[in-house]
Amino acid sequence: GSHGHHPTSSSIAIPPSSTLVEYGGIKILVNVGWDESLALPQFARLKGKDTDDPSSSNDGGGSGGMVPPESLPDVDAIILTDSTLSSLGGLPLYLGRRGRAAAAAAAAAARRRRRGVKDDKEGSKGDKEGSNKEDSKDGGANEALPPIPPIYGTYPTLKMGQMTLYDYHATQCLDGRNPGFDLVDVDILFSEAVRFLPLKYSQMLLLPLVLGDGGRDGSGREGREGSTDRYGGGQRDASHPALLGITPHRAGHVTGGAFYVLRRLSDETEVVVAPGNVYHHAKERHLDGTTLHKFGGSADVLITSP
């Protein structure tokens with residue numbers, strides 16, 4: 001399925017910005033993008049228009065369906081192909097209140113560590129009150145929010161993606177438009193509260209993650225407090241088998257751009273995810289060409305859209 005707009009003959013064409021891949025028992029969202037020509041109020045208007053159209057469908061597979069980022073399904077991981085708005089511009093909207101709740105929880109855990117075990121009971125009371133205040137600011141009561149999946153991309157994607165969102169927010173505000181998020185949401189997205197984890201080219205990551213001494217695994221569950229293993233360092237055994245390996249490779253279109261090889265470990269079959277605008281074959285002065293011909297030629301499935 002894909003997030004974006006699948007146009008009918010009478011509607012405005014907006015390219016899909018996200019692809020859901022379910023493979024090897026793992027659900028992965030490839031990019032959570034945004035179209036810079038589309039302001040938030042216009043997106044809401046088009047969504048409403050498509051909803052009234054009986055030929056439309058909001059499941060992402062119809063001819064006129066439109067799915068906002070915050071309505072995308074819960075997944076085990078998100079992988080980003082590059083730092084452009086079309087790859088990660090919808091992430092602040094996708095996280096929504098979950099990002100602020102995660103930041104509040106991280107701040108509360110930091111306060112507990114500073115106070116020590118003796119003040120744990122008193123600190124928990126204060127943290128609960130602080131969390132209630134945070135929920136009031138966000139306009140919602142205390143409720144169980146779905147966990148934030150780990151987000152993966154190369155290191156340049158991590159660093160330049162933050163600048164991309166800053167720049168988009170500034171231009172939208174200068175034009176009097178509503179970007180749908182503020183700079184606090186961007187800072188939270190790239191903070192320790194959200195698992196935005198850099199990968200190197202050819203570095204394979206096994207999913208699902210397994211808890212080590214603590215921290216959070218791929219589903220967002222917390223382990224024992226104090227762990228610094230962000231990639232999941234738990235002992236794999238029969239009860240925690242690795243199902244899928246994901247490996248980024250050079251795409252060649254921008255610095256840090258990547259396509260991904262998904263390998264199902266049970267039978268060694270491979271799916272290569274390389275959306276059509278994220279690879280470039282020619283070697284440029286400051287940028288090497290893609291390695292898609294090397295790693296995508298023998299794949300069992302090659303995904304090139306959106």
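In this report, we go over the structure that sits alongside the text. (Residues numbered from 1 in each chain as written. Predicted model: local features only at pLDDT ≥ 70, side-chain atom pairs only at ≥ 80, totals over all residues. Heavy atoms only, no water.)

Quick notes on the pairing of strand β2 (residues 18-23)
Each regular strand carries side chains that alternate between the two faces of the sheet.
So, point 1. Here β2 runs beside strand β3 (residues 26-30); their pairing, made up of five bridges, is antiparallel. Its bridge partner lying in β3, threonine 19 is registered against valine 30.
So, point 2. Counted along the chain from β2 to the antiparallel partner β3, the turn is two residues long, and its residue glycine 24 has a positive phi close to 65°. (Pairing = 2+ DSSP bridges. Helix = DSSP H or I, 4+ residues; strand = E, 2+ residues; numbered from the N terminus.)

A closer look at the sheet that holds strand β10 (residues 269-273)
So, point 1. Taken in spatial order, the five strands line up as β7-β8-β9-β10-β11 in an open sheet, and their pairing is mixed. Every other strand in the sheet has two partners, leaving β7 (205-207) and β11 (301-303) as the edge strands with one partner each. Here the strands of the sheet are splayed against their neighbours by 25° on average, with no regard to which way each runs.
So, point 2. Bridge analysis of strand β8 (residues 244-250) against strand β9 (residues 258-264) gives seven bridges, and the strand direction is antiparallel. By the bridge assignment for β9, glycine 245 is matched with arginine 263. (Axes fitted to C-alpha atoms, helices over the stretch in contact; angles between N-to-C directions.)

Some details on the nonpolar core
So, point 1. One finds Ile78, Leu91, Tyr94, Ile151, Leu165, Leu189 and Phe196 to be the most contacted residues of the largest nonpolar core, which totals 28 residues.
So, point 2. Elements supplying a minimum of two residues to this core: α2 (85-88), α3 (91-95), α6 (155-174) and α7 (183-189).
So, point 3. Considering each element in turn, this core owes the most residues, four residues, to α3.
So, point 4. Not counting the four nearest positions on each side in its chain, leucine 165 is found in contact with Leu85, Leu88, Gly89, Pro92, Phe181, Val186, Leu189 and Phe190.
So, point 5. Core analysis: the next-biggest nonpolar cluster, separate from the first, contains 21 residues, Val30, Tyr152, Leu199 and Tyr260 among them. (Core = buried A, V, L, I, M, F, W, Y, C linked by side-chain atoms within 4.5 Å. Buried < 20%, exposed > 50% of the residue type's maximum accessible area, 1.4 Å probe, protein only. Contact = heavy atoms within 4.5 Å.)

Thoughts on the side chain of threonine 154
So, point 1. Relative to the assigned elements, threonine 154 resides in strand β5 (residues 151-154).
So, point 2. Residue threonine 154 is classed as buried on the basis of its relative accessible area, which comes to 4%.
So, point 3. Looking at threonine 154, its side chain comes within polar contact range of the main-chain oxygen of glycine 256, at 2.6 Å.
So, point 4. Residue contacts for threonine 154: discarding those within four places in its chain leaves Pro198, Leu199, Tyr201, Gly256 and Ala258. (Polar contact = N/O pair within 3.5 Å; in protein donor to acceptor, adjacent residues only side chain to side chain.)

Some points on unusual backbone geometry
So, point 1. A cis amide bond, omega -5°, links leucine 207 with the succeeding residue proline 208.
So, point 2. Position of proline 208 among the secondary structure elements: in the loop between β7 and β8.
So, point 3. At asparagine 31, a residue that is not glycine, the phi angle is positive and equals roughly 70°.
So, point 4. As for its placement among the helices and strands, asparagine 31 is situated in the loop between β3 and α1 (40-52).
So, point 5. Taking relative accessible area as the criterion, asparagine 31 reaches 7% and is therefore assigned buried.
So, point 6. Even without being glycine, serine 202 reaches a positive phi, approximately 70°.
So, point 7. Considering the arrangement of structural elements, one finds serine 202 in the loop between β6 (196-199) and β7.
So, point 8. The class for serine 202 is exposed, based on a relative accessible area of 51%.

What to know about the side chain of histidine 249
So, point 1. Secondary-structure assignment places histidine 249 in strand β8.
So, point 2. Beyond its immediate sequence surroundings of up to four residues, histidine 249 is in contact with Tyr201, Ser202, Gly257, Ala258, Phe259, Val261, Thr291 and Phe295.

Here we look at the pairing of β8
So, point 1. With respect to burial, β8 is a largely interior element, six of its seven residues being buried.
So, point 2. Sheet topology places β7 next to β8; three bridges connect them, and they run antiparallel. Residue leucine 207 lies in a different strand from β8, and its bridge partner there is leucine 244.

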